[in-house]
Structures are given as C-alpha cells and as structure tokens.
Amino acid sequence: TPEMQAVQTKMAPVLSRHSSKAYDIPGLFEKIEIMYEVREEKLKSGEWNAEQTRLAERVYIAFIRKGAKFDAVKKGEYADIQAELASLQTNFMQNVLKDEETWEILLTEENMEGCPSDIIAAARQAAIDRKKGSSDHVITLGRSMVEPFLSYASRRDLRQAVFEAFSKRGEFSPERDNLKIAVDILRLRKRQAELHGKESFAEYKFEDTMAQTPESGMKLLTDVWVKARDAATKERELMEDFLTEKGQVLDGGIQPWDWRYYAEQVRQAKFNFDENEMKPYLSLDAVTNAVFDVSNKLYGLEYVKRDDIVGYHSDVNVYEVRKEEKLVAIFLHDNYARPFKSSGAWMSEFRTQNKNLLPGSDPIEAIPIVVNNNNFSKGSEDTLLSFDDGITLFHEMGHGHHGMLSDATYCTLASTNVLKDFVELPSQLMEHWLSEPVVLKKHAKHYQTGEIVPGDLIKRFKAAELFNEGFATCEYNACAMLDIALHSLSAYGDDFDLAKFEENYLQEQGMPQGIIMRHRPAHFLHLFATSSYASGYYVYQWAQVLDNDVFAAFEETGDVFDSETAERCRACIYSTGNTAAPEELFKKFRGRDPDVTYMLKNKGLTSQ
C-alpha cells in the first residue's frame, strides 16, 4: 500500500546504515580474521569440522566485501554509498510497481477476439477488481496476463498498445524516471568497486562466484547467443513463410508485438498443437498437486494444509511440511497477483533453517518458514495456467526445497545462502519434472470433467516443446549480456545515455528483428531494485548448464524418480547450502565437472 511504501522509502537507508555499522563493531573483525587465519590448523587438528572451517571462510569474505579493512574515511564513504543505493533501489522498484498498478487498457469482449476463454475471464475479473462497468474487460501489466494476450489477440493495434506499455514500464512519467535512477545506481556501484580496488563493478561482483570473472560468464552467454540467434532467425523465417502462404502483409514486418502471436499460429500449423488445449488440464490446483507429489516422490515431503493458521493475506495457503511424520518446515503459497504486490515470482524466508540455537531455545526456532510468491491472474472460477506459468510454480518450489530441505548447522551457510551462480540450480532442476509424461498423465486433469490429459495431446506437446526456443533464449541472453557489459564500463559520464547504450549494444550483437530484451533497463528489477543480481543475471544460464546435467543423471537411470539419485541430489544440492564449495558439491553428485552439451541439447541448439 502507499502507506507501507512510504515506510519502506524512509527505512531503506536507515536499515542500510544499521547493516553497515554491524560490520564495523569495534574489535569484531579482528576476531573474525584470527579465526580465518587458524582455520586450516583447526581443521587438521580435528578441533573444527569442515563446516566450521567453511563458516570461518565465508564470514571473513563477507566482512571483507563489506569494507572491513577500509580506513575510517573509506568506511564512511562506503556506508554512504550503500545507504544511497538502498534509497535509489527502493525508488526504482516502487516506480515500476506504480506503473503496473495504474496502467490499464479497457476492452470489450469483442476487442479480445482470438483470446481463450480463461484470458477473457481473467480480464473480466480484473475489471471487477478495478470496479469497471458490467461488460468491461481490463488488461493490466502483469506478465501472466500480457503474454497470453500478445499470443492470441487478433487485433494488431491492441497488441501493440499492450506491448509498448509493458516494455516501457519505468518510463511512463518524468516524475518516475527509472533510467536516470539506474544511471545514478551504476555510478555508485562503480565507486563501490573502486573502493575495493576493482576496475568495474562486474569485476568486483564476479570475484565471489563460480564463474570468477566477467569474461567467463560472458563467454558462456555469447557462445549460446550465436546459436540462439540463428535459431530465432529461422523461427522468424517460418513465420514469414506462414504469412506469405496466408497472403498477409504486415506493415514494417514482424514486430515485437507480433512475434508471440504468429509463433503461436505457426506452432498450431506445423505441430498441430495449440497451448490452449493444455490449459484446461493445468489448473492451479492440478499443478500444485503435481508439484507436491513430485516433492514427495523425490524427497519424501508431505504437505498438510493448515486452514487454522492465518496467513498475511486471504490468498495465502499455509502448510506444515513433514517427512516421516517429522515437521521440517512451514510453507506458505501466495499465488495470485493483486494490487500493491510486486510483480514476478520469488521465494523468500521468514525464518532460515538453523541448528545453532542458544541453550533452552524452543526447537521450533530451528524450523524454516518458507514462502513462494507467484503472480497468476485469478480466474472468476478456476485459475488455468499456461505451461510457462506451471514451470514458474515448479521453479519456485525448487527454491522452496532449497530452504525446506536445508540441513546446515549455521543459518549463515543454510538454505539459499550460496554463491549466486549456484542458487538457480535447485530451482531450474525442479522445472524438468512438469513436462515428464509420467507426471502429466497423473496430474494433468481437466478442471471440469476430471479427465486425464490424452496421450495424443502429450505427444503433440512434446513435439512442439522446443519451437520458439531461439526467441526465448535471445530474449534472456540479451538481458544477461547487456548486464555484464553495462557493469563492465570504466565510467558513466555526465552525458551517459542508458537507452542509447541499450540500442547500440543490441545492434552490435545482431539482435534479431522482432525481439527485444525480456527486461528493459527501466524495469529491470533484478539489476536495479537490488544489487543481488546486478552483473549476475547470467546465473540463470550458468545454472542451466548444471541443472540439465543433473537431470540427465536421473534420466540415465531410466526412472526420473530414481530413489538413489534423488537421495544423492538431496544430499549434494538441496540440503548442503553453502557448507562446501559449489563446484565440489557438483562433482560429488556427478563425479566430474559440468558438461554444457546437455543444456544445448535440451534447448535444441546442438545443430545450430
């Protein structure tokens, strides 16, 4: 709400300064440094175990990266930078939220020609929520509403209006100029890196990752980019051939507001598959049941709904999570979009798993409280998900597993507190199971009749699964490459123009016609609403190399629910947190270094 946003704006710099002071308590770092220096000796003597040694390393690194070795003047400047970043990043996020809250396009049902019934119902529900007329329909800027509209609405002018608004979030008003805020953030990050003796923020950020250097992260991205760009070009050619066959001519050719629409037309013509055929079998209830069942089969988790526990909103479902009757977590599921809720999807924790409790503490304090947030458009009756929405739900449950299965002694090393290019492995790995026929045949039930999805529909779905992967990969890779390039600059002069940088960079990379970045700079929350993924958006593709390799281990057994592989996966990936280096954990699971081949094969890019 506006009231809470005002509190957030006021408190962001205050909390930032409090955090800075916590890293500058007199005498604290000196003790941490001593522990760091004796860690190997303590390990060899048996006084410490490997996890305690890792804790000494990670706490020391955290303090160093917070400026613990700076002199008093530098510490003061660093705290000022962090406080100003906290304010700017909060403003950036709130500006995007404001644009998403206020923009709408009012339509009639006739205007939505071509759209499936569930999207029409969601638009009608949005109109009711916004107190519009009895026959009105509203398209908002939630991705789960925008992308289906762009995929099916036959009126090109309306697709263009929705797309342009969606792609210009953060630029609607001079009073909410996120491009200016983003440049201010970039300058502060550059100074932050300079204080650490680094040439760029990218160099500073990559120092504490699996990739180690910006060049290593960029190499993976550009290698895949070349293949994806060629694939996307072929996809556009297929759409152009389709238009020629239909005798249609588009003014200006295929534009970004056309791509999804004509890709869907080609998918139907080439593969005899319409994603809308799947939607009735992918209700939110069905996909939730599926993810809980997969969780149980792999890791033995059981979800017990607790209607007597009141969540922070009426949309939130609360569950006890048990394994062999033992409580292991409390899980909250917050699935629907609503006013004032941040866009996107994420996992967070109200309490992180922890065994390092004070004597006499209530044992419940060791139990994690995990929440998964999604932003699905609520239907007037059942909420039907696209397959991509279903993947999002499975993805966030992968993060949820990382929190719920955590088995570290110290909360500093527990759960998702891992290196950034490892954190998306548990989430992206979980995505694989939704498309498995054994899962679909059990859980993909028609929301009205209860009929299981027909086998023929699954076959057609699997045949069409990789179509448009070139587009999807280009959309993402452009974001990740620009992120590293932007944060690798040595200066941001008074005349630095972020929009121009974006335009020139994409032109240099040969961005295919009809595709833009999935997240443009003015609403790129991963980069500018937090520093967490800044110069780190590459991590999703880095983790794709890992997750496809890990899933291949399941496939190689002939059973995607193989119990021995699942237990090894739990022990090496989900439960260990940051108690060991991620490259060691991967090798422990797979017996070797990661192989990019599995990722390229599963994206259909091996022949490109």
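Up top is the structure.
Parameters and conventions
- Residues numbered from 1 in each chain as written.
- Predicted model: local features only at pLDDT ≥ 70, side-chain atom pairs only at ≥ 80, totals over all residues.
- Heavy atoms only, no water.
- Helix = DSSP H or I, 4+ residues; strand = E, 2+ residues; numbered from the N terminus.
- Rg over C-alpha atoms; globule rule 2.2 N^0.38 Å.
- Buried < 20%, exposed > 50% of the residue type's maximum accessible area, 1.4 Å probe, protein only.
- Contact = heavy atoms within 4.5 Å.
- Areas by Shrake-Rupley, 256 points an atom, 1.4 Å probe, with all protein chains shown as cover.
- Lys, Arg positive; Asp, Glu negative; His and termini not counted.
- Charge placed at Lys NZ, Arg CZ, Asp CG, Glu CD.
- Pairing = 2+ DSSP bridges.
- Axes fitted to C-alpha atoms, helices over the stretch in contact; angles between N-to-C directions.
- Parallel < 35°, antiparallel > 145°, perpendicular 65-115°, else oblique.
- Left-handed = near helix turned anticlockwise from the far one by under 90°.
- Nonpolar A, V, L, I, M, F, W, Y, C, P; charged D, E, K, R; others polar.
- Salt bridge = Lys/Arg side-chain N within 4 Å of Asp/Glu carboxyl O.
- Arc of directions from axis to C-beta.
- Expected span 1.5 Å × (residues − 1).
- Phe/Tyr/Trp six-rings, centres within 6.5 Å; stacked < 30°, edge-to-face > 60°.
- Lys NZ or Arg CZ within 6 Å of the ring centre and 35° of its normal.

Trainee: Kindly report on the overall build of the protein chain, identifying the contributing residues and their values.
Mentor: When you go through the protein chain residue by residue, the secondary structure sums to 25 helices and 7 strands. Taken against the 2.2 N^0.38 rule, which gives 25 Å for 608 residues, the C-alpha radius of gyration of the protein chain at 25 Å falls within 12% of a compact globule. Across its three principal axes, the protein chain shows a C-alpha extent of roughly 75 × 60 × 50 Å. Per-residue burial over the protein chain gives 55% buried out of 608 residues. In the protein chain, once contacts between residues fewer than 6 apart in sequence are set aside, the share between residues at least 24 apart is 74%. For the protein chain, the exposed surface amounts to about 26600 Å²; the carbon and sulfur share of it is 50%. Charge separation in the protein chain, taken as the distance between the mean sites of 72 positive and 97 negative side-chain charges, equals 2 Å.

Trainee: Go over the sheet that holds strand β7 (residues 369-376), please, and point to the residues and values.
Mentor: Spatially, 5 strands are ordered β3-β4-β5-β7-β6 in an open sheet, and the strand pairing comes out mixed. Two strands close off the open sheet at either side, each with one partner strand: β3 (301-305) and β6 (346-351). Averaged over all neighbouring strand pairs, the angle between strand axes comes to 30°, with direction disregarded.

Trainee: Go over the packing of helix α19 (residues 469-487) against helix α20 (residues 498-508) with me, naming the residues and quoting the values.
Mentor: Closest axis-to-axis distance for the α19/α20 pair is 11 Å, and the angle between their directions is 120°. Of the possible angle classes, the one that applies to α19 and α20 is oblique. Like other packed secondary-structure pairs, α19 and α20 cross with a definite hand, here right-handed. Residue-level inspection shows A478, M481, L482, A485 and L486 of α19 in contact with α20, the latter providing L498, F501, E502, Y505 and L506. Along the lines of polarity and charge, the residues of the contact of α19 with α20 split into 9 nonpolar, no polar and 1 charged.

Trainee: Which residues make up unusual backbone geometry, and what values do they have?
Mentor: Not every positive phi belongs to a glycine, and E325 is a case in point at roughly 70°. You can see E325 is positioned in the loop between β4 (317-323) and β5 (326-336). What makes E325 exposed here is its relative accessible area of 63%. Although it is not a glycine, S415 adopts a positive phi angle of roughly 60°. Looking at the element boundaries, S415 is found in the loop between α15 (387-404) and α16 (420-431).

Trainee: I'd love a proper account of the pattern of salt bridges, names of residues and values included.
Mentor: For the structure on display, the rule yields 54 salt bridges. E147 serves as the salt-bridge partner of R518, at 3.4 Å between the closest nitrogen and oxygen. Placement of R518 in the loop between α20 and α21 (525-528) and of E147 in helix α7 (residues 143-152) is noted, with a sequence separation of 371 residues between them. With relative accessibility at 28%, the residue R518 sits in the partly exposed group. Residue K500 is joined to E503 by a salt bridge in which the shortest nitrogen-to-oxygen separation is 3.7 Å. Highlighted residues: K500 and E503, both in helix α20, separated by 3 residues, approximately one helical turn. You can call K500 partly exposed: its relative accessible area is 40%. Since its relative accessible area comes to 45%, E503 is described here as partly exposed. Connected through salt bridges with shared partners, the residues R143, E147, R260, E475 and R518 form a single ionic network.

Trainee: If you had to explain helix α18 (residues 455-464) to someone new, which residues and values would you point to?
Mentor: For α18, the set of buried residues is L457, I458, R460, F461 and A464. One side of α18 carries all its buried residues, which in axial view fall inside an arc of 165°. Packed against the buried residues of α18 are α12 (256-271), α13 (275-278), α15 and α17 (437-443).

Trainee: Tell me about helix α6 (residues 117-129), and please be specific about residues and values.
Mentor: In this model, α6 (13 residues) spans 18 Å end to end at C-alpha, consistent with the 18 Å of a helix rising 1.5 Å per residue. Listed as buried for α6 are D118, I119, I120, A122, A123, Q125, A126 and A127. Next to the buried residues of α6 lie β2 (137-139), α7 and α13. Positive phi shows up at K131, right after α6, with a value of about 60°.

Trainee: Can you tell me about the packing of aromatic side chains, naming the residues and giving the values?
Mentor: Per the stated rule, a full pass over the model turns up 34 aromatic pairs. With 6.2 Å between their ring centres and 65° between their planes, Y312 and F350 make a pair best called edge-to-face. Linking Y312 in the loop between β3 and β4 with F350 in strand β6, this pair joins segments that are 38 residues apart in sequence. By way of ring pairs, the aromatic residues Y23, F29, Y36, Y60 and F63 are connected into one cluster. Here the guanidinium or amino end of R65 rests over the ring plane of Y204, the centre of that ring lying 4.1 Å away. For R189, the ring lying beneath its charged end belongs to F201, and the centroid distance is 5.5 Å.

Trainee: Describe in detail the side chain of Q509, supporting the description with residues and values.
Mentor: With respect to the element layout, Q509 can be found in the loop between α20 and α21. Residue contacts for Q509: discarding those within four places in its chain leaves W225, R229 and M481.

Trainee: Which residues make up the pairing of β4, and what values go with them?
Mentor: Sheet analysis places β3 next to β4, joined by 5 bridges and oriented antiparallel. The residue bridging Y303 from the neighbouring strand is V321, located in β4. By the bridge criterion, 7 bridges tie β4 to β5 in an arrangement that is antiparallel. Bridge pairing in β5 places V321 opposite A329. Once β4 ends, the chain turns through 2 residues before running back antiparallel as β5, passing E324 with a positive phi of about 50°.

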